Amino acid sequence: MTFKLPGVCLITGAASGIGRGAAITLAQEGCSRLFLVDIDLEGLQESKNQLQHVSSTARVEVLKVDIASESSVKRMIDECVSKFGRLDYALNIAGVVPQRTPIADVKIETYDKVIAINQYGTWLCHQAEIKQMMKQEPLEGYGDTRGSIVTVSSLSGINASSGMSTYCASKHSIVGFAKTDAQDYGPHGIRVNVICPGMIDTDLFRATSPPDAPAALAAITPVRRLGKPSDVAWLAAFLCSAESSFIHGAVIPCDGGLSLRRGVI
Ligand SMILES: NC(=O)c1ccc[n+]([C@@H]2O[C@H](COP(=O)([O-])OP(=O)(O)OC[C@H]3O[C@@H](n4cnc5c(N)ncnc54)[C@H](O)[C@@H]3O)[C@@H](O)[C@H]2O)c1
């Protein structure tokens, strides 16, 4: 399947895992202008290399960005517009996951870091992306849409997640402001949707899970497997595309049915 993706795509967290998968999938689906950002420049270069293997003609620019810094996020948008002239699809994927710790034992520094990146950083990205999209006219062939924002929360953004109070606080917040932005900016032609991944088999997932967790979680997932970055990437590509023009303000699990088991992750 090929979606219609004629515009410019910005992806945060593109140096690894789901963000890298999204960059490769968007390119495979015909997006030919990609702006990849992350705090990890080396990882970004590797993502760019892998992407150019599947699409040698795509134009790919990378930039080191800390989404928790207002000036860095401003530079991200300025550079994207200076290099590509506009911003059509913004995939907000950058984030951190702390080790599972019950709230009584959480260090305040850990809380501050998770909130600074996942909540404040993602909020800063939304604000900067919307400001840019409001300045531009819809792309030809892209209906009335000035831009599409797809933001990654988590099942921990809609359900309880044991020992993940801090992470849940940050990811629930994303759902709240994304829905509000969808309500405020839908009339202006900016679509906003949220993806809530379940257990996606990335380095981050392995690093923050006990050794027996992947097999145990696959066993309680209705489709009996963990997710792959490409599972989330396909949904993100669809939500960017003109084909999803009536999907707006949605909060969509991508989890093999794991969220059917409320409260157990
Ligand atoms: N893997 C899962 O099971 C899972 C499940 C639900 C939600 N998520 C969410 O998906 C997103 C991606 O997770 P992943 O598993 O691919 O992890 P990952 O660690 O592979 O990717 C996260 C990326 O974000 C980048 N990043 C971290 N802090 C940053 C900052 N301040 N500025 C810019 N970039 C920064 C990292 O360098 C990394 O490349 C995260 O938001 C995570 O919370 C993951």
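As annotated in an unreviewed UniProt entry, the chain carries the name Ketoreductase domain-containing protein and is attributed to Exophiala bonariae. What the UniProt record of the chain gives under Sequence similarities (unreviewed entry) is the line "Belongs to the short-chain dehydrogenases/reductases (SDR) family."

*Asks:* Can you walk me through the overall build of the chain in this structure?
*Replies:* In terms of regular secondary structure, the chain is built from 8 helices and 7 strands. For a compact globule of 265 residues, the expected C-alpha radius of gyration is about 18 Å, and the chain comes in at 17 Å, within 12% of that figure. Principal-axis analysis of the C-alpha atoms gives the chain an extent of 50 × 35 × 35 Å. When each of the 265 residues of the chain is scored for burial, the buried share is 45%.

*Asks:* What should I look at first to understand the site of the ligand in this one?
*Replies:* Not every one of the 31 residues close to the ligand is listed here, only the nearest: Gly13, Gly17, Gly95, Thr202 and Leu204. For the shell around the ligand, the secondary structure elements donating two or more residues are α1 (17-28), α4 (108-135) and α6 (203-207). Of the residues contributing to the shell around the ligand, the split by class is 17 nonpolar, 10 polar and 4 charged.

*Asks:* In this structure, what is going on with the sheet that holds strand β3 (residues 59-64)? I would like to understand it.
*Replies:* Pairing between the strands of a sheet comes from backbone hydrogen bonds, and it takes one of two forms, parallel or antiparallel. If you trace the 7 strands from one edge of the open sheet to the other, you get β3-β2-β1-β4-β5-β6-β7, paired in parallel fashion. At either end of the open sheet lies a strand with only one pairing partner, and these are β3 and β7 (251-254). In this sheet, neighbouring strand axes are inclined to one another by 20° on average, regardless of whether the strands run parallel or antiparallel. Bridge count between strand β1 (residues 8-12) and strand β4 (residues 89-92): 4 bridges; the pairing is parallel. Residue pairing in the sheet places Cys9 in a bridge with Tyr89 of β4. In the packing of helix α3 (residues 70-84) onto the sheet, the strands contacted are β1, β2 (33-38) and β3, and the crossing angle to β2 comes to about 160°.

*Asks:* Before we go on, may I ask you to explain the nonpolar core in this structure?
*Replies:* Within soluble globular proteins, side chains that are nonpolar tend to cluster in buried spots. Counting 65 residues, the largest nonpolar core has Cys9, Ile11, Ala23, Leu34, Leu91 and Ala236 as the members making the most contacts within it. Per-element tally for this core: the top contributor is helix α8 (residues 229-240), with 7 residues. Residues within four places of Ala23 in sequence aside, it is in contact with Ile11, Ala14, Leu34, Leu36, Ser47 and Leu51. By size, the runner-up hydrophobic cluster in this structure holds 5 residues, among which are Val97, Val114, Met164 and Cys168.

*Asks:* I keep staring at the pairing of strand β6 (residues 190-197) and nothing clicks. Help me out?
*Replies:* Remember that side chains alternate between the two faces of the sheet whenever the strand is regular. Burial analysis of β6 places 8 of its 8 residues in the buried class, the great majority of the element. Side chains Ile190, Val192, Val194 and Cys196 project from β6 onto one buried face, and the interleaved Arg191, Asn193, Ile195 and Pro197 project onto a second face that is buried too. Bridge count between strand β5 (residues 147-152) and β6: 6 bridges; the pairing is parallel. Within the sheet, the bridge partner assigned to Thr151 lies in β6 and is Val194. The parallel pair β5 and β6, bridged by helix α5 (residues 165-185), forms a crossover whose chirality is right-handed. The pairing of β6 with β7 spans 4 bridges and is classified as parallel. Across the sheet, the residue bridging to Pro197 is Cys254, located in β7.

Conventions adopted
- Residues numbered from 1 in each chain as written.
- Predicted model: local features only at pLDDT ≥ 70, side-chain atom pairs only at ≥ 80, totals over all residues.
- UniProt positions renumbered as here; feature names shortened; annotations may be inferred.
- Helix = DSSP H or I, 4+ residues; strand = E, 2+ residues; numbered from the N terminus.
- Rg over C-alpha atoms; globule rule 2.2 N^0.38 Å.
- Buried ≥ 20, exposed ≤ 12 C-beta atoms within 10 Å, placed from the backbone.
- Near = placed C-beta within 6 Å.
- Nonpolar A, V, L, I, M, F, W, Y, C, P; charged D, E, K, R; others polar.
- Pairing = 2+ DSSP bridges.
- Axes fitted to C-alpha atoms, helices over the stretch in contact; angles between N-to-C directions.
- Contact = placed C-beta atoms within 7 Å.
- Core = buried A, V, L, I, M, F, W, Y, C linked by C-beta atoms within 7 Å.
- Right-handed = clockwise from strand over helix to strand, strands pointing away.

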